[in-house]
Amino acid sequence: MSTSTAGPVACEPRTAFVLAGGAALGAMQAGMVHALYERGIAPDLLIGTSAGALNAAFLASRPATVATAQELAALWRGLRRRDILPLRPATLLSGLAGRRDHLIPGRALRRLAARHLQCERLEQAAIPLHLVAFDLLAGTEVRLSGGPLADAVLAAAAIPGVLPPVRWRGRLLVDGGIAGNTPVWHAVALGARRIYVLPTQNPGDRGLPRPPRAALAAAVHAVTNARLHGDLARYAPSAELIVLPAANPGHIAPTDFGHAGQLITQALAATRTALATGTPNPPAAAVTPAGLRPAGPDVETGPQD
């Protein structure tokens, strides 16, 4: 497959925002983006997976302004779990009985995407946009750079077994967080040399403060923070990696959509402080740079229908 060159090449260093998944914790990225935009820090490209895919798609078709960040924050403040993960008894029973490959229908998420995304295709985005999914059939990551935007968002956010996989040109795509919830590698592969990482958990936070109380919470946690710790060490020699703090002192769960305002406010304050002091990278366990990964993911390039 060929490699996409989506949009004009910006002056060096090329800047990327990498937006991690994390379900309801994706709200904190609205606060992070607000702090970045008010300092005049804008992306030359956006990369996201899972909840980060929805946020990246929202940002990609709008100007890099504080007003845009505030619009994203308003979206998150108005969301409830039923808007993305509505639990319907009929679908749950069909999934449990083995008649479906998912427990929650994807219609609600598709409606949300249709309501808030301002372009129909990935390649139409004003800021070059790349979403990362995982191909269940091939067992590989797939970077989506062209094709129907709503389908790409649904694919990148389809938690396996919870939301339905998306069929895409012979592939069966699900949440990219399976392989890497914060796809830093893709930013490096696309030529970014300054990468702002917008996580939903800090790299050193590998465990849980308490066991998940529900199966859905356990499923979401399984694809959160995967691989970030090692990738930061692996790609540090190749790009300037700026990891913003994922402020969540109350340990709000990824399935709790009732505290978006708190997450946004805390993330905005923490990111402002980190950028002002020049110390955005949160503490993490010691790691040793391991060099570049020799082989990358499959790359899907548009147009795709």
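This one's a predicted model, so the numbers in the text were calculated from it and none came from an experiment.

Scoring rules and cut-offs
- Residues numbered from 1 in each chain as written.
- Predicted model: local features only at pLDDT ≥ 70, side-chain atom pairs only at ≥ 80, totals over all residues.
- Heavy atoms only, no water.
- Buried < 20%, exposed > 50% of the residue type's maximum accessible area, 1.4 Å probe, protein only.
- Helix = DSSP H or I, 4+ residues; strand = E, 2+ residues; numbered from the N terminus.
- Contact = heavy atoms within 4.5 Å.
- Salt bridge = Lys/Arg side-chain N within 4 Å of Asp/Glu carboxyl O.
- Core = buried A, V, L, I, M, F, W, Y, C linked by side-chain atoms within 4.5 Å.
- pLDDT = per-residue confidence, 0-100.
- Phe/Tyr/Trp six-rings, centres within 6.5 Å; stacked < 30°, edge-to-face > 60°.
- Lys NZ or Arg CZ within 6 Å of the ring centre and 35° of its normal.

> Can you lay out helix 7 (residues 149-156) for me, pointing to particular residues and giving the numbers?
With six of eight residues buried, helix 7 lies mostly within the body of the structure. Listed as buried for helix 7 are Leu149, Ala152, Val153, Leu154, Ala155 and Ala156. For helix 7, the elements touching its buried residues are helix 2 (51-60), helix 6 (107-116), strand 3 (129-135), strand 4 (140-144), strand 5 (166-168) and strand 6 (171-175).

> Mind laying out the pattern of salt bridges, listing which residues take part and the relevant values?
One pass over the full model with this rule turns up seven salt bridges. We note a salt bridge from Arg121 to Glu123, for which the minimum N-O separation is 2.7 Å. Of the residues examined, Glu123 reaches a relative accessible area of 39% and is grouped as partly exposed.

> Could you give me a rundown of the environment of Pro183, with the residues and numbers involved?
Mapping Pro183 onto the fold places it in the loop between strand 6 and helix 8 (184-189). Taking the C-alpha atoms as reference points, Pro183 and Gly48, separated by 135 residues in sequence, lie 7.1 Å from one another. Each residue touching Pro183, except ones within four places of it in the same chain, is listed here: Val18, Leu19, Ile47, Thr49 and Val132.

> Report on the nonpolar core, specifying residues and quantitative values.
Of all hydrophobic cores here, the largest spans 72 residues; its most connected members are Leu129 and Leu131. Per-element accounting of this core gives the leading share, eight residues, to helix 2. In contact with Leu129, not counting residues within four places along its chain, are Leu46, Ala56, Ala57, Ala60, Leu122, Leu144, Ser145 and Leu149. Of all hydrophobic cores here, the second largest spans 19 residues; its members include Val18, Ile47, Val188 and Tyr235.

> Quick rundown of the side chain of Asn55? Include the residues and the values.
Relative to the assigned elements, Asn55 resides in helix 2. Excluding anything up to four places from it in sequence, Asn55 contacts Leu19, Gly26, Gln29, Leu72 and Trp76.

> Residue-level account of the confidence of the model for the chain, with values.
Averaged over every residue, the pLDDT of the chain is 80; residues scoring 70 or more account for 71%. In the model, residues 1-11 has pLDDT below 50 throughout and makes 16 contacts with residues more than four positions away in sequence or in other chains. Confidence drops under pLDDT 50 across residues 89-97; counting only partners more than four residues distant or on other chains, this segment forms 14 contacts.

> Can you explain the environment of Leu109? Please cite residues and give values.
Mapped onto the elements of the fold, Leu109 is located in helix 6. Note: C-alpha distance between Leu109 and Val153 (44 residues apart in sequence) is 8.9 Å.

> So what about the packing of aromatic side chains? Which residues, and what values?
For the coordinates displayed, the defined rule picks out three aromatic pairs. Ring geometry for Phe17 versus Tyr196: centroids 5.8 Å apart, planes at 75°, classification edge-to-face. Residue Phe17 is located in strand 1 (residues 15-19), and its partner Tyr196 is located in strand 7 (residues 194-198); the two are separated by 179 residues in the primary sequence. For the pair Phe17 and Tyr196, a shared accessibility class is recorded, and that class is buried. Pairwise contacts between aromatic rings join Phe17, Tyr37 and Tyr196 into one cluster. A cation over an aromatic ring shows up here: Arg62 above the ring of Phe58, its NZ or CZ 3.6 Å from the ring centre.

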